Amino acid sequence: MATLTQWIDGARPRTLPAAVSPILVGTGAAYQTGHVVWSYALLALVVALALQVGVNYANDYSDGIRGTDTTRVGPTRLVGQRLARPSSVKFAAFTFFFFAALSGLALVALSGLWVMIPVGALAILSAWFYTGGSRPYGYLGLGELFVFVFFGLVATLGTMATMTALTPAGWWGAIGVGSLASALLVANNLRDIPTDRATGKHTLAVRMGDRGSRGFYLALVMVAFVMTVLAAATTPFALLAVFAAPLLIRPVRAVVGGAHGRDLVPVLVGTGAFELAWSLLLAVGLAVGHHVG
């Protein structure tokens, strides 16, 4: 039986910045308009965190029963390392999906944004079929698209839309968050290219190859800086997000320097830290812009 520590590690807490970041930016963009509802922001955060943990357990289960997690480098694999029964991990995944759905329904009921019900249902289905089902789209190289859409556009703009009308700053922030969340997945899959290729998991990194994946990672990171400049057109205080840049020094050096295997783990940590810091600083900048403007 897996220990509590192994269950926590199996939830992959290093990926949680991808859940927190869009809520920060969506709330900051709403604050810029003068219409922020903190209880809605908190509920959106609960939804995002539950969905992130749910998809992590779902991936653990699906990859584990397929045998693609037996020789992985990185966090604990509960099923792949035979630390927990597959049925238990599957139950954990659906428990978090249920909690995400319940919290999402509460948010919809309070905000009246009923369009988010089918969007939320699609998000949960997409989370499961990323590596689940007979033809998982994560094995077809579409994982980054899912992350960009649901942990970028949907999470950021959905949070904002529960409080106020969407704005250009909200869109720029959502694109930036989505690009950084996708960069996290690219770094993860870059690390796993050898084992994914051997087990027939054709992620985008496997399809693009080592060199192409490294270039794609750098391009996605640059998108965040472009979005910062565009957001600064609404308030110059959005440029506060640039001060998160030093957190990228180590990850970029590792990617450009050709790091492989475990040497890419700091890239995941650093990119996650940058995404969280960039999102927080952008949110603060947008909020300050409201008061100063």
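See the structure above.
Cut-offs used in this document
- Residues numbered from 1 in each chain as written.
- Predicted model: local features only at pLDDT ≥ 70, side-chain atom pairs only at ≥ 80, totals over all residues.
- Heavy atoms only, no water.
- Helix = DSSP H or I, 4+ residues; strand = E, 2+ residues; numbered from the N terminus.
- Expected span 1.5 Å × (residues − 1).
- Buried < 20%, exposed > 50% of the residue type's maximum accessible area, 1.4 Å probe, protein only.
- Phe/Tyr/Trp six-rings, centres within 6.5 Å; stacked < 30°, edge-to-face > 60°.
- Lys NZ or Arg CZ within 6 Å of the ring centre and 35° of its normal.

Let's shift gears to helix H4 (residues 86–111). Its 26 residues give H4 an end-to-end C-alpha distance of 37 Å, which sits within 8% of 38 Å, the value for a rise of 1.5 Å per residue. For H4, the complete set of buried residues consists of Val89, Ala92, Ala93, Phe97, Ala100, Ser103, Gly104, Leu107 and Val108. Positive backbone phi, at 80°, marks Gly112, one or two positions downstream of H4.

Our focus in this paragraph is the packing of aromatic side chains. Throughout the structure, instances matching the rule amount to 12 aromatic pairs. Each ring, one from Tyr57 and one from Phe96, has its centre 5.9 Å from the other, and the planes form 40°; the classification is tilted. With Tyr57 in helix H3 (residues 38–66) and Phe96 in helix H4, this residue pair connects regions lying 39 residues apart in the sequence. Given a relative accessible area of 6%, Tyr57 falls into the buried group. Aromatic side chains Phe146 and Phe150 sit 5.3 Å apart centroid to centroid with 45° between the ring planes, which places their arrangement in the tilted category. Highlighted residues: Phe146 and Phe150, both in helix H6 (residues 143–161), separated by 4 residues, approximately one helical turn. The exposure class assigned to Phe150 is buried, which follows from its relative accessible area of 12%. Through pairs of rings, three or more aromatic residues link up here, namely Tyr130, Tyr137, Phe146, Phe150 and Phe151. Sitting over the face of the ring of Tyr139, Arg66 holds its NZ or CZ atom 5.3 Å from the ring centroid.

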